[in-house]
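Results of the structural survey
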Amino acid sequence: MNRTTTIPAEVTAPAAGVLMHTGYAQAVAGMAYLWGWPIINMINRRAAVTQAPHPGLLNGVLPVAPRGRLGMLHDYIDPTETFVTCPNQDVVYGLGYFALDEEPVVVQVPDFDDRFWVYALYDARTDQIGDLGKPYATPPGFYLLAGPNWQGATPDGVQAVIRTTTSLAAIVPRVFMDDTPQDRTAIQPVINQICCYPLAEFDGTWKTTDWAASPTIPGPPADSEGETTWVVPDKFFDQFAQALDEVPPLPGEQALYDQFRLLLDAAGNNPDLAKALVETAEQAEQDVIKPFFCWNHNGLPAGNGWNRSTHNAQWGVDYFNRTGTAKSNMFDNRPTETQYFYTDHDGDGQQLVGAHRYEITFPAGQEPPVDGFWSLTLYNDQHLFHPNDLGRYSLGTKNTNLLRDPDGGLTLSAGGPQPKDDHASNWLPAPQGPVSLYIRAYWGQQAILDGTWQPPEVRRIT
């Protein structure tokens, strides 16, 4: 049954000037916090990244750049990074933030040949926009990113114009790299051709940057534990009007916006209500946001104790998964580009603990079916890497030295002491405490997309 309803324009909007009581204000504020958390997250990340005076590496780790440009790594991301949870060590990353109504940018796409790549473009809601990548057979050239309200001429030489849904936008290039010295050398001329710059600088010439020579930009020290705090509850409602102003409502959201603005107006005229909003934000952070960090509150069950992402990077009004992912593993790719599988538990439902040894066996022919690549990554209890002597954080397509089982299957292990036999190449080191496992399937085939393929059980063996 089609339940779509069109609301007439003459439907009464919330009355201004009401004497809002605390209980009502708290109810609306709780929804505002859940709804707006990913957007405030994006606004504050943009503020931090774009303070860079020029492209470089913040504290020698994170690629940063002024507004309208991007920074690139030249290798896998440093395991000490805390900008975002659940980074991978399969690709070379880039990062940039834009204000595309005020300043459209040109994105340069080199010839990646057979190498997997995707430029993930995100709006302020963390929805992905545009189709730039190997799955789309994007040809090399110049592409113009423009905001929804920008009006201007497209210069000759631009392959296509990509319109974003919000002026605030981010780009996170991902370029696959084998974990070999040979491929680290081979990838450099390619990634050196990845760049973004303001439209005013476009002259039709190809630009290159030696990203391996990126300067270090001093910055504040990283948080001592966990991801950098991007949403501060007691400051949330000070920023919330900015989120409403920068991000236009999706179809059906206007009523929410009207309620949220009424809430801000009422709190602006009543210090007690303003205090109640802060208290609600602090409580919501604990009761609503914090539980999203557990994988069983993210996506859908995928079988054998795993969950899988759903609606990733195309959230629409799925606020549950939008906020859950913003908290637990920000900057997903859309499902046709990447499917994510994750678990905190072994096959018996027990919390994964790095002091124990676990095995994950892919029977012959049953590794994740992909046209891109796949990997298994281990994270600590903060969804970050735990530095180890091997410098090894994931295993998969990028590894050329994995040992096969006699029947052609592939058994990977994680945690416990390092194996002393040849299977050491198939082992992921782990800290002693709680850990998570995470499978990425880039450019998944139909069995990945429709859920037919299921991750194998995680078996505790010690």
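Below, the structure is looked at part by part.

Scoring rules and cut-offs
Residues numbered from 1 in each chain as written. Predicted model: local features only at pLDDT ≥ 70, side-chain atom pairs only at ≥ 80, totals over all residues. Heavy atoms only, no water. Helix = DSSP H or I, 4+ residues; strand = E, 2+ residues; numbered from the N terminus. Rg over C-alpha atoms; globule rule 2.2 N^0.38 Å. Buried < 20%, exposed > 50% of the residue type's maximum accessible area, 1.4 Å probe, protein only. Areas by Shrake-Rupley, 256 points an atom, 1.4 Å probe, with all protein chains shown as cover. 1 Å grid on protein atoms, 1.4 Å probe; cavity = no way out; pocket = protein on both sides within 12 Å on 5 of 7 lines; lining within 4 Å. Points joined across faces, edges and corners; volume = space filled by probe spheres on them. Nonpolar A, V, L, I, M, F, W, Y, C, P; charged D, E, K, R; others polar. Expected span 1.5 Å × (residues − 1). Bend = angle between axes of the 7 residues up to and from the residue. Contact = heavy atoms within 4.5 Å. Polar contact = N/O pair within 3.5 Å; in protein donor to acceptor, adjacent residues only side chain to side chain. Phe/Tyr/Trp six-rings, centres within 6.5 Å; stacked < 30°, edge-to-face > 60°. Lys NZ or Arg CZ within 6 Å of the ring centre and 35° of its normal. Core = buried A, V, L, I, M, F, W, Y, C linked by side-chain atoms within 4.5 Å. Pairing = 2+ DSSP bridges. Axes fitted to C-alpha atoms, helices over the stretch in contact; angles between N-to-C directions.

Within the protein chain, the regular secondary structure consists of seven helices and 22 strands. Relative to the compact-globule value of 23 Å for 462 residues, the protein chain shows a C-alpha radius of gyration of 23 Å, a close match. Counting only C-alpha atoms and orienting by the principal axes, one finds that the protein chain spans roughly 75 × 55 × 50 Å. Taking all 462 residues of the protein chain together, the buried fraction comes to 55%. In the structure as shown, the protein chain presents an accessible area of about 19600 Å², 51% of it carried by carbon and sulfur atoms.

Right, let's get into empty space enclosed by the protein. Applying the stated criterion to the full structure yields three cavities of 30 Å³ or more. Each pocket or cavity is described by its volume, and for the largest cavity that value is around 230 Å³. Taken together, 23 residues line the largest cavity, and the ones lying closest to its centre are Val84, Tyr93, Val172, Arg174 and Phe331. A per-class count over the lining of the largest cavity returns 15 nonpolar, five polar and three charged. Taken as a whole, the second largest cavity encloses approximately 40 Å³ of empty space. Tyr122, Thr126, Ala313, Trp315, Arg322, Thr325, Ala326, Met330, Phe331 and Asp332 together form the lining of the second largest cavity. A total of three residues in the lining of the second largest cavity trace back to one element, the largest contributor, which is helix 6 (residues 319-328). Partitioning the lining of the second largest cavity into residue classes produces six nonpolar, two polar and two charged.

Each α-helix winds once per 3.6 residues, and so residues spaced three or four apart point in a common direction. For helix 5 (residues 271-289), which comprises 19 residues, the first-to-last C-alpha distance of 25 Å matches the rise-based estimate of 27 Å (1.5 Å per residue) to within 8%. At Gln283, helix 5 is deflected by roughly 30°, the largest bend along its length. Buried within helix 5 are the following residues: Leu273, Ala276, Leu277, Thr280, Ala281, Ala284, Glu285 and Ile289. Those residues of helix 5 that are buried are in contact with helix 1 (22-49), helix 3 (233-246), helix 4 (254-268) and helix 6. Its side-chain oxygen at 2.9 Å from the backbone nitrogen of Asp272, Asn270 defines the N-terminal cap of helix 5.

Per the counting criterion, the structure on display carries 30 aromatic pairs. With centroids separated by 4.2 Å and ring planes inclined at 15°, the aromatic side chains of Phe373 and Tyr442 adopt a geometry described as stacked. A residue pair is termed long-range when its members are at least 10 positions apart, and Phe373 in the loop between strand 16 (358-362) and strand 17 (374-379) and Tyr442 in strand 21 (residues 436-442) qualify at 69 residues. Note on accessibility: Phe373 and Tyr442 belong to one class, buried. Grouping aromatic residues by their ring pairs yields a cluster made of Tyr33, Trp35, Phe236, Phe237, Phe240, Tyr257 and Phe260. Of note, Lys207 hangs over the ring of Tyr197, and the distance from its end group to the ring centre comes to 4.6 Å. A cation sits over an aromatic face here: Lys398 above Tyr76, 4.6 Å from the ring centre.

Moving on, we come to the nonpolar core. With 98 residues, the main nonpolar core has Tyr119, Phe237, Phe240 and Phe331 as its most contacted residues. In terms of residue count, helix 1 provides more of this core than any other element does, twelve residues in total. In this structure, Leu376, Leu437, Ile448 and Trp453 belong to the second largest nonpolar core, which totals 25 residues.

This paragraph deals with the pairing of strand 4 (residues 91-99). The buried count for strand 4 comes to nine of nine residues, which makes it a mostly enclosed element. In strand 4, alternate side chains face the same way, and those of Val91, Tyr93, Leu95, Tyr97 and Ala99 on one face and Val92, Gly94, Gly96 and Phe98 on the other are all buried. Strand direction decides the pairing type here: strand 3 (residues 70-72) and strand 4, joined by three bridges, are antiparallel. Bridge pairing links Leu70 to Gly96 in strand 4. Bridging between strand 4 and strand 10 (residues 168-176) involves seven bridges; their strand directions are antiparallel. When the bridges of strand 10 are listed, Val92 appears paired with Val175.

Our focus in this paragraph is the environment of Pro291. With respect to the element layout, Pro291 can be found in the loop between helix 5 and strand 13 (300-303). C-alpha separation for the pair Pro291 and Ser328, spaced 37 residues apart in sequence, amounts to 9.5 Å. Beyond its immediate stretch of four places on either side in the chain, Pro291 contacts Gln286 and His297.

On to the sheet that holds strand 14 (residues 306-308), then. In space, the six strands of this open sheet follow the order 13-14-15-21-17-18, with antiparallel pairing throughout. Whereas interior strands pair on both sides, the edge strands pair on one side only; in this sheet they are strand 13 and strand 18 (394-396). Pairwise comparison of adjacent strand axes, ignoring direction, gives a mean angle of 25° for this sheet. Relative to strand 14, strand 13 runs antiparallel, the two sharing three bridges. Across the sheet, the residue bridging to Gly303 is Trp306, located in strand 14.

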